[in-house]
Number of protein chains: 2
Amino acid sequence: MTKKGSTAGDGLALRELLRVPGGKPMDLASYDTRKTPAGPRDKPAGLAAMTDLATPLADLQERLWAASTAGDRRRVLLVLQGMDTSGKGGTVKHVIGLFNPSGCRIHAFKAPTPKERAHPFLWRIKKALPQAGELGIFDRSHYEDVLVARVRALAPAAEIERRYDEINRFERSLAGNGVTVIKCFLHISYDQQRDRLLKRIDRPDKHWKFHVSDIDDRALWPAYQQAYELALERCSTPHAPWYLIPADRKWYRNWAISRLLLEHLSGLDPRYPKADFDVEEARRRLLEK
Amino acid sequence: MTKKGSTAGDGLALRELLRVPGGKPMDLASYDTRKTPAGPRDKPAGLAAMTDLATPLADLQERLWAASTAGDRRRVLLVLQGMDTSGKGGTVKHVIGLFNPSGCRIHAFKAPTPKERAHPFLWRIKKALPQAGELGIFDRSHYEDVLVARVRALAPAAEIERRYDEINRFERSLAGNGVTVIKCFLHISYDQQRDRLLKRIDRPDKHWKFHVSDIDDRALWPAYQQAYELALERCSTPHAPWYLIPADRKWYRNWAISRLLLEHLSGLDPRYPKADFDVEEARRRLLEK
């Protein structure tokens, strides 16, 4: 995680550079949303670097899946959060698009239904978790229950205060059950959001993505930033850290999240399982018929 | 659908060429599994043609999704069936990999669980259907209930006989509810299956895909072919036709299924919805803040 003006720590893993320390007050405005703290420095280099990541990512995903067929319970959960237009959907398209879709479990969380509201807030989250060997992706998540819920006072203040601890306990239990949790906050600037909303207004093929309420919501920008600061401060833990992704440049956002996935998957080092059959015998029998 | 020795009907849509007529006895052995009845004739051309399909497919998928946000209930269901190693998984990886994963709902059906067996055979199928705007993919499907169920006598013969009609009624109701059903039988030869199983035995990184029972199952090849012939004959209907995909050549299989998806999606001609807001007013308000 690099503040404005600091130099990129070349040689450090990206996960160290972008990691939110946690436990310390955050000031989101002090982070440059256009920064490229490590890796490719311009769009052509960024797109090329993405292409280079495709094969190793697909290879690691296949190993993770293969290992699960022999009892390895490990899996990965990528959590995407950010303001409207910050690129959660674009990340799924471009980053998750690099993976074999059969091993991905994607869930986009909307405003909770009446049935979901009748349950504890983690109920719907638990139902959408990745299975062993899978890459799970949450487009929005349980963090909405301390973000929009806080900003719009959708629950009593004391209840919302309790949720941070409950989230930390939940994520610790995930980690204990073999889930690698990677939480990415896609950080864009107020001006960048205006530009992206303008594009949705100006292009008829983007009108379906635009809602007049998106403009009203901009009045709540400071309250949302504050809610994000609290969530990052309180819930960036050793077992489930937050990563702060400078997201004004889409090509950098895509590369950075892909790179984070690579670092985590490499760290898991999943292995193809050993044959549970007699290879020579199988070959002989197969060639007989 | 082109029999051995027939010429490719250039100019005809692929869906007409590969469509199983239905209602007539099928002889799967008379179809050349290495044939390339239309389109690219060799692997380099096939891979290039796939690349060319990526953008139009993604565009049509986005339109289908966008239309659903304005109430269009249409969606697509791709059903993949075929013998072991016929390439169902490879199709998901390479063909569905061309699409935005967030709009795809993939389900791989395994042997039914005790809970699933306690319900009618279509129960688990109905739960996995694509929602409006989505591309659903079934890797195996309700057809297993007239394939493996028939070959291994997993249900009384009279019950299995009833299922063909039930499947036809079910698929007709899907079609009536805006689901475009595209059923692909990936047709490989007995020798091609041996070659693919051998590769799984010879490569340690493929061992996890191999089961000794795959060799035992080869003894049932003729019974399975017969069960497929019946399913194709009885369940290739105007509202949910079967397509016979020559699948010995992976690049052709991938291109053919991609092309079938393109033809169907183009036929649906989904449109971006019109703006439901005042464009000028929205632009003015946005530029104010």
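Residues numbered from 1 in each chain as written. Chains lettered and ligands numbered in written order. Predicted model: local features only at pLDDT ≥ 70, side-chain atom pairs only at ≥ 80, totals over all residues. Heavy atoms only, no water.

A short note on the overall build of chain A
Argument step 1. Across its full length, chain A holds 12 helices and 5 strands.
Argument step 2. Computed over C-alpha atoms, the radius of gyration of chain A comes to 21 Å, within 12% of the 19 Å expected from 2.2 N^0.38 for 289 residues, which places it in the range of a compact globule.
Argument step 3. Its C-alpha atoms put chain A at 75 × 50 × 40 Å along the principal axes.
Argument step 4. For chain A, the share of sequence-separated contacts (at least 6 apart) that also reach a separation of at least 24 residues comes to 82%.
Argument step 5. As displayed, chain A offers around 12,800 Å² of accessible surface, 51% of which is attributable to carbon and sulfur atoms. (Helix = DSSP H or I, 4+ residues; strand = E, 2+ residues; numbered from the N terminus. Rg over C-alpha atoms; globule rule 2.2 N^0.38 Å. Contact = heavy atoms within 4.5 Å. Areas by Shrake-Rupley, 256 points an atom, 1.4 Å probe, with all protein chains shown as cover.)

A word on helix H12 (residues 279–288) of chain A
All names here are of chain A.
Argument step 1. Within the span of H12, buried status applies to Ala282, Arg285 and Leu286. Take H12 and look down its axis: the buried residues cluster within an arc of 100°, on one side only. The exposed residues of H12 that point more than 90 degrees off its buried face are Glu280, Leu287 and Glu288.
Argument step 2. Structurally, the start of H12 carries an N-cap: the backbone nitrogen of glutamate 280 is 3.1 Å from a side-chain oxygen of aspartate 278. (Buried < 20%, exposed > 50% of the residue type's maximum accessible area, 1.4 Å probe, protein only. Arc of directions from axis to C-beta. Polar contact = N/O pair within 3.5 Å; in protein donor to acceptor, adjacent residues only side chain to side chain.)

What to know about the interface of chain A and chain B
Argument step 1. Counting from both sides, the interface comprises 38 residues of chain A and, opposite them, 38 residues of chain B.
Argument step 2. Both sides of the chain A and chain B interface together cover about 3,900 Å² of buried area, and 68% of this is carbon and sulfur.
Argument step 3. Contact with chain B buries area across many residues of chain A, yet A:Trp208, A:Leu286 and A:Lys289 alone supply 20% of it, more than any other trio.
Argument step 4. In this structure, the connection of chain A to chain B is made through 4 salt bridges.
Argument step 5. Where A:Arg283 meets B:Asp202, a salt bridge forms, and the shortest distance between an N and an O atom there is 2.3 Å.
Argument step 6. Taken together, chain A and chain B are joined by 4 residue pairs in polar contact (both at pLDDT 80 or more). (Buried area = accessible area lost by both parts, 1.4 Å probe. Salt bridge = Lys/Arg side-chain N within 4 Å of Asp/Glu carboxyl O.)

What about the environment of A:Pro114?
Argument step 1. The topology assignment puts A:Pro114 in helix H4 (residues 114–117).
Argument step 2. Between the C-alpha atom of A:Pro114 and that of A:Thr91, which follows or precedes it by 23 residues, the distance is 29 Å.

Considering the sheet that holds strand E2 (residues 104–108) of chain B
Residues and elements named next belong to chain B.
Argument step 1. As summarised here, the arrangement of the 5 strands in space is E2-E3-E1-E4-E5, forming an open sheet in which the pairing is parallel. Single-partner strands in this sheet number two, and they are E2 and strand E5 (242–246). Ignoring which end each strand starts from, the neighbouring axes of this sheet average 20° apart.
Argument step 2. Examined bridge by bridge, strand E1 (residues 75–82) and strand E3 (residues 135–139) share 5 bridges and lie parallel to one another. Along E3, the bridge assignment pairs leucine 78 with isoleucine 137. (Pairing = 2+ DSSP bridges. Axes fitted to C-alpha atoms, helices over the stretch in contact; angles between N-to-C directions.)

Focus on the relation of the copies chain A and chain B
Argument step 1. Of the transformation superimposing chain A on chain B, the axial component is 0.0 Å and the angular component is 180°, with the fit at an RMSD of 0.0 Å. What the superposition gives is, in effect, a two-fold axis relating one chain to the other.
Argument step 2. In this assembly the copies share their binding face: 100% of the residues contributing to the interface of chain A also contribute to that of chain B. (Least-squares fit on C-alpha atoms with pLDDT ≥ 70 in both.)

Considerations on the pattern of salt bridges
Residues and elements named next belong to chain A.
Argument step 1. Applying the stated rule across the entire model yields 42 salt bridges over all chains.
Argument step 2. Among the ionic pairs, glutamate 144 bridges to arginine 140, the shortest N-O distance being 3.2 Å.
Argument step 3. According to the relative accessible area criterion, glutamate 144 is buried, its value standing at 12%.
Argument step 4. Judged by its relative accessible area of 23%, arginine 140 falls in the partly exposed class.
Argument step 5. The salt bridge involving arginine 203 is made with aspartate 205; its shortest N-O contact spans 2.9 Å.
Argument step 6. Look at aspartate 205 and you get partly exposed, because its relative accessible area is 22%.

Side note on the packing of aromatic side chains
All names here are of chain A.
Argument step 1. Scanning the model with the defined rule gives 14 aromatic pairs over all chains in all.
Argument step 2. With a centroid separation of 5.6 Å and 45° between ring planes, the pair formed by tyrosine 252 and tryptophan 255 is classed as tilted. You can see tyrosine 252 and its partner tryptophan 255 sitting in helix H11 (residues 250–268), 3 residues apart, about one turn around the helix.
Argument step 3. On the accessibility criterion, tyrosine 252 (0% relative accessible area) is buried. (Phe/Tyr/Trp six-rings, centres within 6.5 Å; stacked < 30°, edge-to-face > 60°.)

Looking at the environment of A:Arg194
Argument step 1. In this structure, A:Arg194 sits in helix H8 (residues 190–202).
Argument step 2. Measuring from C-alpha to C-alpha, the distance between A:Arg194 and A:Arg218 comes to 9.0 Å, with 24 residues separating the pair along the chain.

As for the sheet that holds strand E2 (residues 104–108) of chain A
Residue and element names in this part refer to chain A.
Argument step 1. The strand order across the open sheet formed by 5 strands is E2-E3-E1-E4-E5, and the pairing between neighbours is parallel. Among the strands making up the open sheet, the edge pair consists of E2 and strand E5 (242–246). Adjacent strand axes in the sheet meet at a mean angle of 20° when their direction is disregarded.

Concerning the pairing of E5(B)
Residues and elements named next belong to chain B.
Argument step 1. Within E5, 5 of the 5 residues are buried, which leaves the element mostly enclosed by the surrounding structure.
Argument step 2. Burial along E5 is two-sided: the face carrying Trp242, Leu244 and Pro246 and the face carrying Tyr243 and Ile245 are both buried.
Argument step 3. Here strand E4 (residues 179–187) runs beside E5; their pairing, made up of 5 bridges, is parallel. When the sheet's bridge partners are listed, lysine 183 is paired in E5 with tryptophan 242.

Some points on unusual backbone geometry
Residue and element names in this part refer to chain A.
Argument step 1. Although it is not a glycine, threonine 85 sits at a positive phi angle of roughly 70°.
Argument step 2. For threonine 85, the location among the structural elements is in the loop between strand E1 (75–82) and helix H3 (88–94).
Argument step 3. Assessed through its relative accessible area of 9%, threonine 85 is described here as buried.

A look at the packing of helix H2 (residues 43–68) of chain A against H11(A)
All names here are of chain A.
Argument step 1. The interhelical angle for the contact between H2 and H11, taken along N-to-C directions, is 30°, at an axis separation of 9 Å. Put simply, H2 runs roughly parallel to H11. Crossing angle aside, the handedness with which H2 passes H11 is left-handed. Contacts between H2 and H11 involve Lys43, Gly46, Leu47, Ala49, Met50, Leu53, Pro56, Leu57, Leu60 and Leu64 from the former and Trp251, Asn254, Trp255, Ser258, Arg259, Leu261, Leu262, Leu265, Ser266 and Leu268 from the latter.
Argument step 2. Classifying every residue of the contact of H2 with H11 gives 14 nonpolar, 4 polar and 2 charged. (Parallel < 35°, antiparallel > 145°, perpendicular 65-115°, else oblique. Left-handed = near helix turned anticlockwise from the far one by under 90°. Nonpolar A, V, L, I, M, F, W, Y, C, P; charged D, E, K, R; others polar.)

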